[in-house]
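Residue-level structure breakdown
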Amino acid sequence: MAAMAPGGGGSGGGGVNPFLSDSDEDDDEVAATEERRAGLRLGSGSGLDPGSADSLSPQDPVALGSSARPGLPGEAAAAAAALGGCGETPGRLSIDAIAAQLLRDQYLLTALELHTELLESGRELPRLRDYFSNPGNFERQSGTPPGMGATTSGGGQLNRAGSISTLDSLDFARYSDDGNRETDERVEPIKPLEKRALNFLVNEFLLKNNYKLTSITFSDENDDQDFELWDDVGLNIPKPPDLLQLYRDFGNHQVTGKDLVDVASGVEEDELEALTPVLGNLPPSLETPQTVEKLEDKISLLNNEKWSLMEQIRRLERKLSPAFHQALLSFCRMSADSRLGSEVSRIADSEKSVMLMLGRCLPHIVPNVLLAKREELIPLILCTACLHPEPKERDQLLHILFNLIKRPDDEQRQMILTGCVAFARHVGPTRVEAELLPQCWEQINHKYPERRLLVAESCGALAPYLPKEIRSSLVLSMLQQMLMEDKADLVREAVIKSLGIIMGYIDDPDKYQQGFELLLSALGDPSERVVSATHQVFLPAYAAWTTELGNLQSHLIPTLLNKIEKLLREGEHGLDEHKLHMYLSALQSLIPSLFALVLRNAPFSSKAKLHGEVPQIEVTRFPRPMSPLQDVSTIIGSREQLAVLLQLYDYQLEHEGTTGWETLLWVVNQLLPQLIEIVGKINVTSTACVHEFSRFFWRLCRTFGKIFTNTKVKPQFQEILRLSEENIDSSAGNGVLTKATVPIYATGVLTCYIQEEDRKLLVGFLEDVMTLLSLSHAPLDSLKASFVELGANPAYHELLLTVLWYGVVHTSALVRCTAARMFELLVKGVNETLVAQRVVPALITLSSDPEISVRIATIPAFGTIMETVIQRELLERVKMQLASFLEDPQYQDQYSLHTEIIKTFGRVGPNAEPRFRDEFVIPHLHKLALVNNLQIVDSKRLDIATHLFEAYSALSCCFISEDLMVNHFLPGLRCLRTDMEHLSPEHEVILSSMIKECEQKVENKTVQEPQGSMSIAASLVSEDTKTKFLNKMGQLTTSGAMLANVFQRKK
């Protein structure tokens, strides 16, 4: 060692004992010298028996080391301490001390002999056993016997022998440049963490001093270490200073005797203090005899004081027997017999014993904690379940966790789930599968929905921490069972969300079809909550997996389209609108995933790099997503990445086209034509279907953008519709205009963008449709469907009024007539200001039209105004116009006009303003009934009578005053009965019952009238009469809408 005196015999010819640290050898030098000095003073009068097996004479070279070995003062003190005090006090060296000394001085054969003899006598010494059982202690040992020394030269360096050496055998670190062997400075093998720490500091030094190539090579040779991060070293300490600072600071550190520990020999701190009591305070120079004498005197004084104190301690000790102590302590009241007493009396002394104690105690604690506070135990249960060594105990603790709260509320379930996830992160997939999943499986059919809800939520929360095989088998099966069998909507909703999470982690393509079937089941669930969760979570997650598998365009979307087509084929006599909504809404939810796929597979996708200023995406660029998973930016990865892709997408469409862009070409050439074909097959009168497809096309166009809509979508619709007056007489041209294609194109495509040119295009389209349908005498259902869909949004009211005004001033009476009829649809949704300013003036204009058909066409719209408007001035204007129709002599023989007015009165009468009904509707119905008695054409007379019957039936649900009843209502009914006696006996029976009831009501003054209004039909005298009345009404071929009003009271 560098710290040893030259020629020291401790390490012989340069061999290193790995059993000793550097500090031990320095200590040995001091101890050996002191021991020899003490031996000289003690002499033979020490009282030791030289022949004893357990002790040695101080003069014995085995005990004191080689007599030829020079050393420092201090071994005498060590010997004295080992002997138990000063020279006059008898003492014995312990076997362990002798063994340590032999090993220190490398008397290995002697130590081995001692080890053998001790083994034979049954007194094995741990120090010797550990030393000789470690093969590392015998590697590279020198053959020079201890104490023999070696030939030395002037500087204490060994001359290098001229022996033959191979390159592999050279130890370059131990030779100087002149070929002489340096003093051996090797220490015990470097530890892994020490190596990583030194590597980090060396690499840091190389980088700071511009040895970059060397640093790179060094990093490559240590590729298991991250040189950027000190924490990667693995030491739980701050980063030390750099190498240069450590080097400069080296001289400031002094090592004291107390800091020197013989690691291999296991010397305890108090033992070291006894052997070297003043070593830490030695002065730098120990060469003078005076210093040695002073130290020896000090050692002697300290030993005397030690013996004196030990004697005082012995005198103070009581001499009570153990039995007496035990009996005395029994008077302390302690209980170690019970379970709790046993736990209390055993204080845990390790982490393991703490876990065992918690495992035993928690099952007894939980039942005694208030239900409302049991979640406070969750951390304790989980921690114990994580660390407990016994599987049975862990299972019991997790069982307690899942049964902790009888019916856990939302917050409590969240807390349990948070704990389960923490547990899963800590223990890994294998234990999650073995320990947590069985707890879920046990409660899958629990009677409380809250517990089943916990199971459903757990399956999703634990999905990332389960083995992948279990995710796609057991967990998927559990969720499928719960979706099919559980009756609670909340549970199935949680199942759907967990299925969505599973779809985000599943990687078994064989499960794709099973996922699709689960998707269809979820979409068809009777609960709106479940369907909503499907669109928000399950469907987007499944779509993401489908996209990865390459099935979005090849299977998922085509399959849903085929199911819609099949529904339309089978539904010619009755379409299942619920299923249509189910499939179409699923397609709508897939639009963001489809657009993301188009962007990813675009020719420019490789150019989409984030650099420089990122363009902003307009807030209204995309429709509002139903959930974050349907947000295109989320699917792509970030809003910035999407912005770059959108910029390239618009440029590509506008300037470079779609050549080679397979995913977009599929949308243009396959998806759009199939959708437009489907649209042409749906029933135009089904408001729900028109609305669904309109919303679908609106989202599709808004997602794919304005350029795509203008260049790819609109041309395909325009090609099919072929709007031109040349097609007026062409059945092919007219046919498509009567289909749902018209309202869906108008409301789903043309309303996507609201700039002025877009609005003009929509106005022009509606005007053309109105014109072409009117001139070709085609049904107006497609135009009406467009007005109904657009009229639901107030933003389009002005636009629709503009279209109708175009019709009002059109040269063709047919178009003007259509415009008049369209006003009826628009009045209900338009505010009264617009009605007063735009609607009524237009209707007044049409009501004075030269063509009688146009004037008649305004009557339903006037009636609707009477039903919906409350402004007195407006009502008076409408009343005057209707009165002119009824009282003007030119209309006396207008059978069509009378029919339209009677139908309108029957429709709006029950809901019209009461004064208008009493003063205008009922009296005029009476007059019309009287006039009809004089009609000589039976067909016309029956037609008017039938419409009058429907009107009276509808008005019978209203409150009618006695005066009105006597003067108008009853006389009108009697006139009507006169008509029906000859033309329709079935109607006559019902009319007779109604007349009888009215007459009885008038005669019976004591009968209390119902509050608000009274239904005549509902207040018939006997059940038999009521049954007869209802049966007769059911047999008649009158309007279903009128019959439905018979028993409805005015709201």
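Now for a description of the structure that goes with this document. Since this is a predicted model, take the numbers as computed values, not measurements. (Residues numbered from 1 in each chain as written. Predicted model: local features only at pLDDT ≥ 70, side-chain atom pairs only at ≥ 80, totals over all residues. Heavy atoms only, no water.)

Helix and strand counts for the chain stand at 47 helices and 0 strands. Going through the 1051 residues of the chain one by one, you find that 46% of them count as buried. Considering only intrachain contacts with a sequence separation of at least 6, the fraction spanning at least 24 residues in the chain is 71%. For the chain, the exposed area adds up to about 54600 Å²; of that, 54% sits on carbon and sulfur atoms. (Helix = DSSP H or I, 4+ residues; strand = E, 2+ residues; numbered from the N terminus. Buried < 20%, exposed > 50% of the residue type's maximum accessible area, 1.4 Å probe, protein only. Contact = heavy atoms within 4.5 Å. Areas by Shrake-Rupley, 256 points an atom, 1.4 Å probe, with all protein chains shown as cover.)

Another point: the packing of helix α35 (residues 797–808) against helix α36 (residues 813–827). Look at α35 against α36: their axes get within 7 Å of each other, and the N-to-C directions meet at 155°. Between α35 and α36, the interaxial angle falls into the category roughly antiparallel. For α35 against α36, the interelement crossing comes out left-handed. Residues H797, L800, L801, L804, G807 and V808 of α35 touch α36, and the partners they reach there are V815, R816, A819, M822, F823 and L826. A per-class count over the contact of α35 with α36 returns 9 nonpolar, 2 polar and 1 charged. (Axes fitted to C-alpha atoms, helices over the stretch in contact; angles between N-to-C directions. Parallel < 35°, antiparallel > 145°, perpendicular 65-115°, else oblique. Left-handed = near helix turned anticlockwise from the far one by under 90°. Nonpolar A, V, L, I, M, F, W, Y, C, P; charged D, E, K, R; others polar.)

Okay, the nonpolar core next. Within the largest apolar cluster, 232 residues are counted, with the highest numbers of intra-cluster contacts made by Y649, F697, F704, F708, L766 and F823. Here this core takes 14 residues from helix α25 (residues 577–600), the largest share from any one element. Setting aside its immediate chain neighbours within four residues, F708 contacts Y649, L653, L664, V667, V668, L672 and V713. Ranked by size, the runner-up nonpolar core spans 13 residues in total, among them I95, I98, L103 and Y131. (Core = buried A, V, L, I, M, F, W, Y, C linked by side-chain atoms within 4.5 Å.)

Inspection of every chain in the model, using the stated rule, returns 20 aromatic pairs. When the centroid spacing of 6.3 Å and the interplanar angle of 75° are considered together, the rings of Y542 and W545 count as edge-to-face. You can see Y542 and its partner W545 sitting in helix α23 (residues 528–549), 3 residues apart, about one turn around the helix. The burial state of Y542 is the same as that of W545; both residues are buried. Ring centres of Y745 and F765 lie 5.0 Å apart, and the angle between their planes is 85°; this geometry places the pair in the edge-to-face category. Within this pair, whereas Y745 is found in helix α32 (residues 741–749), its partner F765 is found in helix α33 (residues 756–775), the two being separated by 20 residues in sequence. (Phe/Tyr/Trp six-rings, centres within 6.5 Å; stacked < 30°, edge-to-face > 60°.)

Under the criterion given, the structure shown has 29 salt bridges. Notably, a salt bridge pairs D758 with K706, separated by 3.4 Å at the nearest N-O pair. With D758 in helix α33 and K706 in helix α30 (residues 706–721), this pair connects stretches of sequence that are 52 residues apart. Residue classification places K706 among the partly exposed residues on the basis of a relative accessible area of 27%. Here R872 and E913 are joined by a salt bridge, their closest N and O atoms 3.9 Å apart. (Salt bridge = Lys/Arg side-chain N within 4 Å of Asp/Glu carboxyl O.)

Once that is clear, we can look at unusual backbone geometry. With a phi angle near 65°, Q106 is a residue other than glycine that sits in the positive phi range. Tracing the backbone through its elements, the reader meets Q106 in the loop between α4 (95–104) and α5 (108–120). Taking relative accessible area as the criterion, Q106 reaches 13% and is therefore assigned buried. The backbone of N210 shows a phi angle near 65°, a positive value even though the residue is not glycine. Within the element layout of this structure, N210 appears in the loop between α7 (192–208) and α8 (212–221).

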